Amino acid sequence: MRTQVGIVGAGPAGLMLSHLLHLHGIESVVLECRSREYVEHRVRAGVLEQGSVDLLCRTGLGERLQREGMRHEGIELRFDGESHRVPMTELTGRAITVYGQQEVVKDLIAARLAAGGRLLFEVDDVRPEGLDTDSPVIRFRRDGREEELHCDFVAGCDGFHGVSRAAVPAGVLTTYERTYPFAWLGILAAAPPAVDELIYARTERGFALYSLRSPEISRLYLQVAPDEDIADWPDERIWAELRARLETVPGWSLNEGPILEKGITPMRSFVVEPMQWQRLYLAGDAVHIVPPTGAKGMNLALADVALLGDAFAAWYGEGRTDLLEGYSATALRRVWRAQHFSWWMTSMLHRLDGQDGYEAKLQSSTLRYVATSRPYATSLAENYVGLPEV
Ligand code: FAD
Ligand code: DHB
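To start, this report covers the structure provided alongside it. (Residues numbered from 1 in each chain as written. Chains lettered and ligands numbered in written order. Predicted model: local features only at pLDDT ≥ 70, side-chain atom pairs only at ≥ 80, totals over all residues. Heavy atoms only, no water.)

So, the sheet that holds strand β5 (residues 75-79)
Part 1: Taken together, 8 strands build an open sheet; the order of strands is β6-β5-β14-β15-β16-β13-β17-β20 and the sheet is mixed. On the outer flanks of this sheet lie β6 (82-86) and β20 (288-289), each paired with one strand and no other.
Part 2: Two strands pair when backbone bridges link them, and strand β13 (residues 174-189) and strand β16 (residues 218-224) are joined in this way by 7 bridges, in the antiparallel orientation. Within β16, the position partnered with A189 by the bridge is S218.
Part 3: Contacting β13, β14 (199-203), β15 (206-212), β17 (259-273) and β20, helix α9 (residues 322-349) runs over the sheet at an angle of about 125° to β17. (Pairing = 2+ DSSP bridges. Helix = DSSP H or I, 4+ residues; strand = E, 2+ residues; numbered from the N terminus. Contact = heavy atoms within 4.5 Å. Axes fitted to C-alpha atoms, helices over the stretch in contact; angles between N-to-C directions.)

In structure tokens form, the structure reads like this:
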């Protein structure tokens, strides 16, 4: 098989890149190790920045998003028994849209297939090779048979555990990393959300987040220990803990219902630089991970490939190399802004075990400062809705 850009991974980054390349008249093939069914039902992020919504709408993917996505103009911070709204749109003129990552993935897959795009699911043993030559090849197995995809470039969009980053020789990449002494337990529940806007809650029992997917479906998260076993969290224990952490203001209660899905996600901050080596371009979780508190993961993945799409278009259309050469440095500016914001939100809202109370006092003070200072609230808001320029 031959194509122009070989893409590893059918998450938001790989699928969006394939879609953008198609709009520029550039061919690609996407290789994905999981099934279509699996990637379309993997429950993950849910918050789209204004820039991500604009990108999806501008490229013909806005129809269902505009019908089913929920535009939010503020978020609530709940701490020390009080509630404070951050009026994001009033402060920045922009908003976020709540729309599940798997819905973005479904829309992208439908658009690629309708346009005759080649997406190969359930391929095994993907090996990008010859990346330092003008004609890289991706070897893989499909239905037990060895196959080869010859291409001009390889886009590594295969997430944190993928193979693309590992194809770069030792010593080329620099890794920056932090782990956190906690994880998130996330649930999807058939319960009408008791909120119109997301609630980020800091309590002495730990952090909790109230989010939603539709007028019938709630999405909630709890800070738990990093080695927590989901088997120790029967549904009743999850609801009891959510009540304890969220029902902290008088007269307010959450809505419960059957839990449809639950899982534990570890938290880390991770960046690899540069995001490119020879003919390999890395994007999304393959090169950077943020803790989910800032809701940035999927947005960064989309922002990376928006740059990469333009860079390949300039190369194929006009023979320009400047955008491809500048890709890593340009993308890393947004990546590091999101790294800082996600680390800051995480540090402000999570319970840190073993602390003598000093950090907890700083957290309360920081939250109170956001609640009372318009410039500080604006800083949170403009990072949360996404900065147009970084
Ligand atoms: P991915 O979505 O990970 O896509 C990579 C794709 O590559 C996958 O489909 C994978 O199956 C495929 N792949 C991997 N290895 C190979 C291989 N060897 N060969 C072929 N294909 C391969 N962000 C938030 O903002 N909020 C959240 O609540 C949140 N929850 C998350 C929960 C989990 C469990 C995880 C892992 C991430 C979560 N994130 C969250 C982060 C967000 O979902 C990611 O940032 C986003 O998915 C990044 O998109 P991506 O396309 O770069 O990577
Ligand atoms: C959701 C996830 C996040 O990480 C976040 O910060 C806000 C919302 C969600 O899944 O809805």
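Concerning the site of ligand 1
Part 1: Taken together, 31 residues surround ligand 1, and among them E32, R42, Q101, Y221 and D285 come closest.
Part 2: Here an oxygen atom of ligand 1 sits 2.6 Å away from a polar atom, N or O, in the side chain of E32.
Part 3: Contacts to ligand 1 include Y221, whose side-chain N or O atom sits 2.9 Å from an oxygen atom.
Part 4: The protein chains hide 84% of the 990 Å² of surface that ligand 1 would expose on its own. (Near = heavy atom within 4 Å. Polar contact = N/O pair within 3.5 Å; in protein donor to acceptor, adjacent residues only side chain to side chain. Areas by Shrake-Rupley, 256 points an atom, 1.4 Å probe, with all protein chains shown as cover.)

What about helix α7 (residues 235-246)?
Part 1: Compared with an ideal rise of 1.5 Å per residue, which puts 12 residues at 16 Å, α7 spans 16 Å between its outermost C-alpha atoms and is within 8% of the ideal.
Part 2: Regarding α7, the residues found buried are I238, W239, E241, L242, R245 and L246. Buried residues of α7 fall within an arc of 165° about the axis and therefore sit on the same side.
Part 3: Where α7 is buried, its residues touch β5, β13, β14, β15, β16 and β17. (Expected span 1.5 Å × (residues − 1). Buried < 20%, exposed > 50% of the residue type's maximum accessible area, 1.4 Å probe, protein only. Arc of directions from axis to C-beta.)

As for the packing of α9 against helix α10 (residues 358-372)
Part 1: It is at 8 Å that the axes of α9 and α10 come closest, and there the two elements cross at 115°. Residues W344, S347, M348 and L349 of α9 form the contact with α10, whose participating residues are Q363, T366, L367 and V370.

Side note on the site of ligand 2
Part 1: Within the structure, ligand 2 sits among 15 residues, and Y200, S211, R213, Y221 and P292 are positioned closest to it.
Part 2: Taking Y200, its side chain carries an N or O atom lying 2.7 Å from an oxygen atom of ligand 2.
Part 3: Between ligand 2 and R213, the relevant distance is 2.7 Å, taken from an oxygen atom to a side-chain nitrogen or oxygen of the residue.
Part 4: Computed on the free molecule, ligand 2 has an accessible area of 290 Å², of which 97% lies beneath the protein chains in the complex.
Part 5: Those elements that provide at least two residues to the shell around ligand 2 are β15 and β16.

Looking at unusual backbone geometry
Part 1: The peptide bond linking E273 to P274 adopts the cis configuration, its omega dihedral lying at -10°.
Part 2: Relative to the helices and strands, P274 resides in the loop between β17 and β18 (276-277).
Part 3: Its identity is not glycine, yet D80 carries a phi of approximately 50°, on the positive side.
Part 4: On the secondary structure map, D80 appears in the loop between β5 and β6.
Part 5: Judged by its relative accessible area of 41%, D80 falls in the partly exposed class.
Part 6: In this structure, D125 takes a positive phi of about 55° despite not being glycine.
Part 7: Considering the arrangement of structural elements, one finds D125 in strand β9 (residues 124-129).
Part 8: The class for D125 is partly exposed, based on a relative accessible area of 40%.

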